[in-house]
Amino acid sequence: MTQQRKAVALISGGLDSMLAAKTVMEQGIHVEGINFFTGFCVEGHTHAIRDKDRAKPKRNNALWVAEQLGIKLHIVDVIEEYKKVLINPKHGYGAHLNPCLDCKIFMVNRAKQWLAENQFDFIITGEVIGQRPMSQRKNTMPIIAKQSGADDLLLRPLCAKNLPETLPEREGWIDRDKLHDITGRSRKPQMAMAAQFGIDDYSQPAGGCCFLVDKNYTAKLVDLWQAQGSKDYELDDVMLLKVGRHIRPAAHFKLIVAREEGEGRFLQGYKKEYTSLLATSHNGPLVLLDGEASAEDLFLAAQITARFGQGREAEHVDVAITDKDGLERVVTVTPIPKAQFPKEWYI
Amino acid sequence: MTQHTLNTRRLLCPLPVIRTQDKVKSLQPGDVLEVVGTDPGIMQDIPAWCRINGHKVLDSHSADHEYVIVLEVGA
Ligand code: SF4
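The rules we used
- Residues numbered from 1 in each chain as written.
- Chains lettered and ligands numbered in written order.
- Predicted model: local features only at pLDDT ≥ 70, side-chain atom pairs only at ≥ 80, totals over all residues.
- Heavy atoms only, no water.
- Helix = DSSP H or I, 4+ residues; strand = E, 2+ residues; numbered from the N terminus.
- Contact = heavy atoms within 4.5 Å.
- Areas by Shrake-Rupley, 256 points an atom, 1.4 Å probe, with all protein chains shown as cover.
- Lys, Arg positive; Asp, Glu negative; His and termini not counted.
- Charge placed at Lys NZ, Arg CZ, Asp CG, Glu CD.
- Buried < 20%, exposed > 50% of the residue type's maximum accessible area, 1.4 Å probe, protein only.
- Arc of directions from axis to C-beta.
- Axes fitted to C-alpha atoms, helices over the stretch in contact; angles between N-to-C directions.
- Parallel < 35°, antiparallel > 145°, perpendicular 65-115°, else oblique.
- Left-handed = near helix turned anticlockwise from the far one by under 90°.
- Nonpolar A, V, L, I, M, F, W, Y, C, P; charged D, E, K, R; others polar.
- Near = heavy atom within 4 Å.
- Phe/Tyr/Trp six-rings, centres within 6.5 Å; stacked < 30°, edge-to-face > 60°.
- Lys NZ or Arg CZ within 6 Å of the ring centre and 35° of its normal.
- Core = buried A, V, L, I, M, F, W, Y, C linked by side-chain atoms within 4.5 Å.

J.: Whenever I open this one, the overall build of chain A confuses me. Can you help?
T.: A tally of regular secondary structure across chain A gives 13 helices and 11 strands. Across chain A, contacts joining residues at least 24 apart in sequence account for 66% of those joining residues at least 6 apart. Accessible surface, chain A as shown: approximately 15900 Å² in total, 50% of it carbon and sulfur. Within chain A, one finds 45 positive and 45 negative side-chain charges whose respective centroids are separated by 5 Å.

J.: Please clarify how helix H9 (residues 188-197) of chain A should be interpreted in this entry.
T.: In an α-helix, one turn spans 3.6 residues; hence positions three or four apart end up facing the same way. Residues and elements named next belong to chain A. Within H9, burial applies to Gln 190, Met 193 and Ala 194. In a view along the axis of H9, the buried residues occupy a sector of 105°, so they form one face of it. Among the exposed residues of H9, those oriented more than 90 degrees off its buried face are Lys 188, Ala 195 and Gln 196.

J.: For this particular structure, what's the right way to read the packing of helix H6 (residues 100-118) of chain A against helix H7 (residues 140-147) of chain A?
T.: Residues and elements named next belong to chain A. Here H6 crosses H7 at 40°, and the two axes come no closer than 8 Å. Of the possible angle classes, the one that applies to H6 and H7 is oblique. Judged by the twist between their axes, the crossing of H6 over H7 is right-handed. Two secondary-structure elements touch here, H6 through Leu 101, Lys 104, Ile 105 and Val 108 and H7 through Thr 140, Ile 143, Ile 144 and Gln 147. Taken together, the residues that form the contact of H6 with H7 break down as 5 nonpolar, 2 polar and 1 charged.

J.: Which parts of the structure should I look at to understand the site of the ligand?
T.: Lining the immediate surroundings of the ligand are A:Tyr82, A:Pro99, A:Cys100, A:Cys103, A:Cys209 and A:Cys210. Across the shell around the ligand, the residue classes break down as 6 nonpolar, no polar and no charged.

J.: I keep staring at the packing of aromatic side chains and nothing clicks. Help me out?
T.: For any two aromatic rings, the description comes down to two numbers: the centre-to-centre distance and the angle of the planes. Across all of its chains, the model carries 12 aromatic pairs over all chains by this definition. Judged by centre distance (5.4 Å) and plane angle (45°), the ring pair of A:Phe341 and A:Trp345 falls under tilted. Take A:Phe341: its relative accessible area is 10%, and that puts it in the buried class. Through pairs of rings, three or more aromatic residues link up here, namely A:Phe40, A:Tyr82, A:Phe106, A:Phe211, A:Tyr217 and A:Tyr233. Between the NZ or CZ atom of A:Lys83 and the centre of the ring of A:Tyr233, over which it lies, the distance is 5.6 Å. Lying across the ring of A:Tyr270, B:Arg10 places its NZ or CZ 4.3 Å from the centre.

J.: What is the right way to look at the nonpolar core in this model?
T.: Side chains that are nonpolar tend, in soluble globular proteins, to be buried together. Residue and element names in this part refer to chain A. Ile 11, Val 31, Phe 122 and Leu 267 are the most contacted members of the largest nonpolar core, which has 69 residues in total. Beyond its immediate sequence surroundings of up to four residues, Ile 11 is in contact with Ser 17, Ala 21, Gly 33, Ile 34, Asn 35, Ala 62, Val 65, Leu 69, Ile 71 and Leu 73. By size, the runner-up hydrophobic cluster in this structure holds 37 residues, among which are Val 76, Leu 101, Cys 103 and Cys 210.

Here you go:
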């Protein structure tokens, strides 16, 4: 009896990785999925916090894809390991802070480790030559294969015919003729293939798979790095950058202002790590203060807090300032006038 | 059969799923795990993860912005 060959597929939740896995499954290979959580994935997170997003159906696309394909999915937390990829990418960043090429190399390398630990035979990705300007070009394909250490264990079923033969093809586990030769940015071949497989519901992420391609998000990350004087971060930082308005009135502190109740509840969870402010005489948002603030700074923070609540036109607003130990004091302030609140404070 | 609980409060998806996955690895078939969290996403994601991996959701409910999934570890 011939040995059942096994492949691990990098599943992002998008259509391409789904089609790549499906193509290989059709050839009788046992496929399981792997999905890496870097902390910046658009998945889940984004929708969970804001009330207005709660009505929208929420699903984790990678889990959904795995379920559609009928395969197992292993989600791996790579938050810590990913730091060195993002902080110091050998191949640099894309349009924003996206280190796509290093990211791909890292993920394929991690998949290769998984392969060895789980006695699987080869790796599948949904990469397509020419699909993305930074990481999916003809000349980056061999770089990813080589620098990840995966070499010819890495099969890209969607564009394999345009690439050198890989081990699974050479060994006859996979029939090269049944692989594809897609190139370029057009999505038509993938859509046709989806229709052929009877797949009609799939997610089409616009820019990429993560927040690192988002202009507003990365501006906040750059600000964070500047403020702390080093390119480092913790998971909590990464999460908080997705929430609220971020306002920096001075280099040494910033404020995170909840935009609505859902965000307020989320920020509540951080009251032991940050000083927080909340108007008590009027309704208003919860505000967290990140940094070291003097008494003057706190007063300014209270004035800003007052400006975002229903007391914005009032002469006096009472604002409770609570420190990390839960010690609370109330100050009475006049909301900061618009003229004294420069737009540049918004990050 | 033993009962276990897992606190995923404050974590956002997919972290509660990852923590559940890692916890289940240390359990035996038939064991029951109660996952508590604050991200409503777990109401979809953990059952989806259970379906894929052959575990059974025994109960799910929510109150006061907390979400609870009770699952039985499959074979
Ligand atoms: S978009 Fe983000 S997750 Fe996707 S390859 Fe680029 S850096 Fe990695």
